[in-house]
Amino acid sequence: RYSPYLLTKFSTGATFHRSLSAQSTRTHCRLGGSSANQKQTVMSDRDMKSSQDLWGGRFAEPTDAFVQRFTASERFDRQLAGCDVAGSRAHANMLAKAGILTEQENKLIQQGLTDVLGEIERGEFEWRVEREDVHMNIEARLTELIGDTGKKLHTGRSRNDQVATDLRLYLRAETDTVIAELTRLQSGVVLLASKHADTIMPGFTHLQVAQPVTFGHHLLAWNEMLERDHGRLVDCRRRLNVSPLGAAALAGTTFPIDRDATAVALGFDAATRNSLDSVADRDFAIEFCAAAALIMNHLSRISEELILWTSAQFGFVRLPDRFCTGSSIMPQKKNPDVPELVRGKSGRTTGNLVALLTLMKSQPLAYNKDNQEDKEAVFDTVSTVRDCLRAFADMVPAIEPNDEAMRQAALEGFSTATDLADYLVRAGIPFRDAHEVVGKAVAHCVASDCDLSDLSLTDLQGFHSAIQEDVFDVLTLEGSVLARNHFGGTSPERVREAAAAAADALAARQLPGE
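For clarity, every value in this text was computed on a predicted model and none was experimentally measured.

Undergrad: Requested: an account of the overall build of the protein, with residues and values cited.
TA: The helix and strand inventory of the protein stands at 20 helices and eight strands. Put simply, the protein has 514 residues, and 52% of those count as buried. Long-range pairs, those at least 24 residues apart, make up 74% of the contacts in the protein with a sequence separation of at least 6. Accessible surface, the protein: about 23,500 Å² in total, of which carbon and sulfur atoms supply 52%.

Now the structure itself:
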């Protein structure tokens, strides 16, 4: 759905697949199946063979077996296999059009790549640590299947531009998935807000009752956070969608390649402009991790509120049983595990962001082996933010508010004190004087164990003669929220307008690739 150009140009039934669920339909370059059902190859030092038939022409002795394991990345970068094959298909097609490969050679390579990817999809592929990474594993297996023609595929490119291309393809597809899940969450938040534009709850500062708001207004504050997250992801996607393929090791290539052709074939907006920067740049990965860390920061804040609100001390909302767990010893417990885990997982994405920033901060141009360390942080961030958004997108629409508990909480803590001060200001009293008057009235109520609305007119006039009978209109919860009838305010009318506008914006949102 989100990468139709890849589907039409490179799919052979195995290269890209559709993931169907109630939440989304998408096309991406992940491999079918899970790592659990894919063939794993564990080798001892004795089992390892030299990889020098791939690059070892200038070496006089084989690589140490431990060093092979230490420097290899195939254990984790195999996640890029689908993207790697897509890039190789585009590269081979371009080489054929440039006359560097014959049409027959290109046809042989394309079929061989299909066979290789089929083995990977079915879990039959033998990943070999001595081949170092996903690129060499695929190229070596391709050469085993089709012979020396497979060795021609790497003409005019390097693993440096190859991995940069793969990572951009991977992150583009995953960014689209994250955007789709984020949009689904926002839709659930806005729908719930529209249903509770009139449901009064306390607004808090310093986690103390401050002023009455509505539950719908609070939910729309969540949506504002998520809307900014969406904007960052869209911006990040735009910047990452350029093709480094053809930059080769760092200085380009002497072959007459067509970088624009491979960029178009892979769905990139353009080719990168500088070969050095093309292979050295990981800004796009850092930007994604930064956007993801902010998403998780927001989900963590929302989680904290849900954890408080579901407690017996608040009792504001209920979460369905399917999003909670119990205790092994306390039979009465219903624990909000999903929000708690999301709150905890936010630390992972923050850590991954710091790791990438630290990784890149001292690297000279162009490519360095350090960059091998970027992938695990990126992969972990992708899976973390994607799964957390999915959990929240499923859970939030099912939240059940306890209207009465929220209303009772709003009645406590003198939440209408500011309304009384505003009332006095409208009667001509300077705000600072009004503030002092209301402060004394609150102190009286604390001593008398009552609320401002419980005071009689005579009691109130004892604090200031400007107070009249109509004061009770502003001392009610309904009067307080209705009085804030301006753009961005908490009055039910404005909340309904804001929810409708947010729903319209989400309905009109064009997901990447559509």
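From this point on, the discussion continues.
Undergrad: Kindly report on the pairing of strand β4 (residues 208–214), identifying the contributing residues and their values.
TA: Relative to β4, strand β3 (residues 200–205) is paired through six bridges, and the arrangement is antiparallel. Bridge pairing in β4 places Gly203 opposite Gln211. In textbook terms, the turn of a hairpin is the stretch between consecutive antiparallel strands, and for β3 and β4 this stretch comprises two residues, one of which, His206, has a positive phi near 55 degrees.

Undergrad: So what's going on with the confidence of the model for the protein? Which residues, and what values?
TA: On average, residues of the protein score 89 in pLDDT, and 88% of them reach the 70 mark or higher. pLDDT under 50 marks residues 1–28. Its contacts with residues more than four places away, or in other chains, come to 77 contacts. In this model residues 32–50 is a low-confidence stretch, pLDDT under 50, and it forms 31 contacts with partners more than four residues away in sequence or in other chains.

Undergrad: Outline the environment of Phe70, listing residues and values.
TA: Within the secondary structure, Phe70 is located in helix α3 (residues 65–71). You can call Phe70 exposed: its relative accessible area is 63%. Linking Phe70 and Glu132, residues 62 residues apart in sequence, is a C-alpha distance of 9.5 Å.

Undergrad: Describe the nonpolar core, listing the residues and the values that go with them.
TA: Tyr170, Leu171, Leu185, Phe288, Leu299, Leu306 and Phe392 are the most contacted members of the largest nonpolar core, which totals 98 residues. Looking at which element gives the most residues to this core, the answer is helix α12 (residues 283–310), with 14 residues. The residues touching Leu171, leaving out its near neighbours within four places in the chain, are Leu240, Phe284, Ala285, Phe288, Val378 and Val382. Core analysis: the second largest hydrophobic core is formed by 20 residues, Tyr423, Val442, Cys445 and Val471 among them.

Undergrad: I'd like to hear about the packing of aromatic side chains, residue by residue, with values.
TA: Under the criterion given, the structure shown has nine aromatic pairs. Seen from their ring centres, Phe66 and Phe70 are 5.8 Å apart, and the 25 degrees between their planes marks the pair as stacked. Here Phe70 and Phe66 lie together in helix α3, a separation of four residues that amounts to about one turn. On the basis of relative accessible area, Phe66 is assigned to the partly exposed category, the value being 47%.

Undergrad: I'd like a rundown of the environment of Ala210, residues and numbers included.
TA: With respect to the helices and strands, Ala210 occurs in strand β4. Taking the C-alpha atoms as reference, Ala210 lies 9.7 Å from Glu412; in sequence the two are 202 residues apart. Excluding residues within four positions of it along the chain, Ala210 makes contact with Gly203, Phe204, Thr205, Phe414 and Ser415.

Undergrad: Before we move on, could you go through the pattern of salt bridges and cite the residues and values that matter?
TA: Taken as a whole and assessed by the stated rule, the structure comprises 34 salt bridges. A salt bridge links Arg128 to Glu130, with the shortest nitrogen-to-oxygen separation between them at 2.7 Å. Classification of Arg128 by relative accessible area gives buried; the value is 15%.

Undergrad: Outline the packing of helix α16 (residues 417–426) against helix α17 (residues 431–448), listing residues and values.
TA: With their axes 9 Å apart at the nearest point, α16 and α17 run at an angle of 135 degrees to one another. Classed by the angle they form, the pair α16 and α17 counts as oblique. Crossing handedness for the pair α16 and α17: right-handed. Packed against α16, whose contacting residues are Ala417, Leu420, Ala421, Asp422, Leu424 and Val425, the element α17 presents Phe431, Ala434, Val437, Val438 and Val442 at the interface. Here the residues of the contact of α16 with α17 are counted per class, giving 10 nonpolar, no polar and one charged.

Undergrad: Report on the packing of helix α5 (residues 81–97) against helix α8 (residues 159–195), specifying residues and quantitative values.
TA: Two elements in contact, α5 and α8, have axes separated by 9 Å at closest approach and are oriented at 120 degrees. Between α5 and α8, the angle falls in the class oblique. You can see that α5 and α8 cross each other, and the crossing is right-handed. Between α5, through Cys83, Asp84, Gly87 and Ser88, and α8, the contact on the second element is made entirely by Gln162, Asp166, Leu169 and Tyr170.

About the thresholds
- Residues numbered from 1 in each chain as written.
- Predicted model: local features only at pLDDT ≥ 70, side-chain atom pairs only at ≥ 80, totals over all residues.
- Heavy atoms only, no water.
- Helix = DSSP H or I, 4+ residues; strand = E, 2+ residues; numbered from the N terminus.
- Buried < 20%, exposed > 50% of the residue type's maximum accessible area, 1.4 Å probe, protein only.
- Contact = heavy atoms within 4.5 Å.
- Areas by Shrake-Rupley, 256 points an atom, 1.4 Å probe, with all protein chains shown as cover.
- Pairing = 2+ DSSP bridges.
- pLDDT = per-residue confidence, 0-100.
- Core = buried A, V, L, I, M, F, W, Y, C linked by side-chain atoms within 4.5 Å.
- Phe/Tyr/Trp six-rings, centres within 6.5 Å; stacked < 30°, edge-to-face > 60°.
- Salt bridge = Lys/Arg side-chain N within 4 Å of Asp/Glu carboxyl O.
- Axes fitted to C-alpha atoms, helices over the stretch in contact; angles between N-to-C directions.
- Parallel < 35°, antiparallel > 145°, perpendicular 65-115°, else oblique.
- Left-handed = near helix turned anticlockwise from the far one by under 90°.
- Nonpolar A, V, L, I, M, F, W, Y, C, P; charged D, E, K, R; others polar.

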